[in-house]
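Residues per chain are reported as follows:
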Amino acid sequence: MPRSAASGRPPRGREDRGAARSPHGRPIASAILDAAFHRAHRASPHGAKGSDRNRRRALLKIVRSSAVVRRQLRLRSAPLTDEKLTEFQRRLVDRAFGVGARARALRRLKTAERRIEGLSREAERELHRAEGPERIAALVRALYGRIASHVHEVEPDLEALERVRRYLKERPTLDPATPTVVVAGFPNVGKSSLVARLSTARPKVADYPFTTLALEVGHADLGWDRSQILDTPGVLGRKSRRNPAEAEAEEAVEHAATVVLFVLDPSGSCGYSREEQEELARRWHAEYPGVPIIEVETKSDIGVSGSGRPAVSAKTGEGLADLKQRLEAALRRLRPATELPPLEPTTVEEAPGGGAG
Ligand SMILES: Nc1nc2c(ncn2[C@@H]2O[C@H](COP(=O)(O)OP(=O)(O)O)[C@@H](O)[C@H]2O)c(=O)[nH]1
Ligand SMILES: [Mg+2]
């Protein structure tokens, strides 16, 4: 079979190609094939003699090369299947790589895996009929060639999945079962400073916008439970011209948040007017009606608005204890009643059965 005809599918578009490659800069397919053929080459059957030994060695080569390649393809697919990713991770990947790109790459690897399995079974059957060392050697060589062409054919898919893997590695893994506070707002308003105060995360703080280029997660004890606090890049709220960092932040608000902590900077030292910030808060309330949004004003050490929102300062710590309590209460309200720990006999903070509003 000629190489290019291995799968009969048309050449793919440019978006699938790129510079992922293996860590050593060589095609991933070559690394897989080297490993497989090297292992197969070391095949050495015990206890057999003469022509029988020759046939058995060929059989080992057939079985091993195919098994190693299929295992490699599976290892690269398995961590990126729908079941292995959270919904939030799937959304992030869809947004960064195009909807369906991951699924297509996975499908092609699966197909290659199946075809390689078929080829090796066929070679096994032929081996029984093959006579003489030349025929046997030719049969193994032909199989290697076919396996190689299938694996090279999926090189763009292997690279695409490698890019997805690296992308996800740089992003926090959120436990979908743990309550998540997503901290969002305009750039420079003090989100990262607040996250550092509220959680174990130590995000970069600086007075220029988009310091936080990707999402960063920390843990905090809010009530009886450990919660995740997610710091996000700033959002300017221009729907049509948002950069990838902003899009990621909005994705987090929409798909990862149990509660959104919307941070406003009334001092104006962030460089954005109060009205712009209020406008985004209003829009999010309208756009994400299912997500509770708690608004907080920060930098109270240098300015307060008198709007009645809770005011805090990451500099002095003012208002932080109160803010934590509000977050705790919000998370507690959102928990299904069955998941709540039993109330102490002496506490009367919530009526039995109520409180899940
Ligand atoms: N005075 C004062 N400055 C703050 C406070 N919180 C943050 N800042 C400053 O505001 C700038 C932006 O802070 P950062 O946390 O990186 O904001 P982010 O871009 O929203 O994450 C930095 O220079 C911080 O030092 C605060 O409570 N008080
Ligand atoms: Mg930040």
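Everything numeric in this text was worked out from a predicted model, so none of it was measured. (Residues numbered from 1 in each chain as written. Chains lettered and ligands numbered in written order. Predicted model: local features only at pLDDT ≥ 70, side-chain atom pairs only at ≥ 80, totals over all residues.)

A. Fine view of the packing of helix 3 (residues 87–97) against helix 6 (residues 155–169). Interhelical geometry of helix 3 versus helix 6 gives an angle of 125° and a closest axis separation of 11 Å. Between helix 3 and helix 6, the crossing angle belongs to the class labelled oblique. Helix-helix and strand crossings are classified by hand; for helix 3 and helix 6 the assignment is right-handed. Across the interface between the two elements, Q89, V93, A96 and F97 of helix 3 pack against V164, Y167 and L168 of helix 6. Here the contact of helix 3 with helix 6 is built from residues that sort into 6 nonpolar, 1 polar and no charged. (Axes fitted to C-alpha atoms, helices over the stretch in contact; angles between N-to-C directions. Helix = DSSP H or I, 4+ residues; strand = E, 2+ residues; numbered from the N terminus. Parallel < 35°, antiparallel > 145°, perpendicular 65-115°, else oblique. Left-handed = near helix turned anticlockwise from the far one by under 90°. Contact = placed C-beta atoms within 7 Å. Nonpolar A, V, L, I, M, F, W, Y, C, P; charged D, E, K, R; others polar.)

B. Quick peek at unusual backbone geometry. Unlike most non-glycine residues, N188 shows phi in positive territory, near 70°. By the element assignment, N188 lies in the loop between strand 1 (180–185) and helix 7 (191–198). You can call N188 buried: it has 20 C-beta atoms within 10 Å. (Buried ≥ 20, exposed ≤ 12 C-beta atoms within 10 Å, placed from the backbone.)

C. Focus on the pairing of strand 5 (residues 293–297). Two elements, strand 4 (residues 259–264) and strand 5, share 5 bridges in a ladder whose sense is parallel. By the bridge assignment for strand 5, F262 is matched with E295. In this fold, strand 4 hands off to helix 9 (residues 274–287), which returns the chain to strand 5; that crossover is right-handed. (Pairing = 2+ DSSP bridges. Right-handed = clockwise from strand over helix to strand, strands pointing away.)

D. Examining the nonpolar core more closely. Formed by 71 residues in total, the largest nonpolar core has its most connected members in V151, V182, V183, I229, L230 and L261. With 7 residues, the single largest contributor to this core is helix 5 (residues 133–153). Among the domains, domain 1 (3–169) and domain 2 (180–337) are the pair contributing at least three residues each to this core. If we ignore the near neighbours within four places in the chain, the residues touching L261 are V181, V183, I294, V296 and L327. (Core = buried A, V, L, I, M, F, W, Y, C linked by C-beta atoms within 7 Å. Domains from an automatic or database assignment.)

E. Representation of the sheet that holds strand 2 (residues 216–222). Reading across from one edge, 2-3-1-4-5 is the order of the 5 strands in this open sheet, with mixed pairing throughout. Edge positions in the open sheet fall to strand 2 and strand 5, since each of these has one partner strand only. Geometrically, the sheet is characterised by an average inter-axis angle of 25° between neighbouring strands, direction not taken into account. As defined by bridge partners, strand 2 adjoins strand 3 (residues 225–231) across 7 bridges and the pair is classed as antiparallel. By the bridge assignment, D221 is partnered in strand 3 with R226. Helix-sheet contacts for helix 8 (residues 244–255) involve strand 1, strand 3 and strand 4, and the interaxial angle to strand 1 is about 140°. Across the sheet, helix 9 touches strand 1, strand 4 and strand 5, and the angle it forms with strand 4 is around 165°.

F. How the structure looks around helix 7. Turning to helix 7, its buried residues number three or more, namely K191, S192, L194, V195 and L198. End-on, the buried residues of helix 7 take up no more than an arc of 160°, which puts them together on one face. Where the residues of helix 7 are buried, they touch strand 1, strand 2, strand 3, strand 4 and helix 10 (320–334). (Arc of directions from axis to C-beta.)

G. Representation of the environment of P203. Along the chain, P203 turns up in the loop between helix 7 and strand 2. Residues P203 and S193, 10 residues apart in the sequence, show an inter-C-alpha distance of 7.7 Å.

H. Structural context of the confidence of the model for the protein chain. On average, residues of the protein chain score 84 in pLDDT, and 82% of them reach the 70 mark or higher. Scored below 50 in pLDDT, residues 1–18 makes 14 contacts in the model with residues more than four places away or belonging to other chains. Confidence drops under pLDDT 50 across residues 345–357; counting only partners more than four residues distant or on other chains, this segment forms 8 contacts. (pLDDT = per-residue confidence, 0-100.)

I. Inspection of the environment of V140 at higher detail. With respect to the helices, strands and loops of the structure, V140 is situated in helix 5. On the basis of neighbour counts, which here come to 20 C-beta atoms within 10 Å, the residue V140 falls in the buried class. V140 sits 75 residues away from S65 along the chain, and the two C-alpha atoms are 10.0 Å apart. If sequence neighbours within four positions are ignored, V140 has contacts with A58, K61 and I62.

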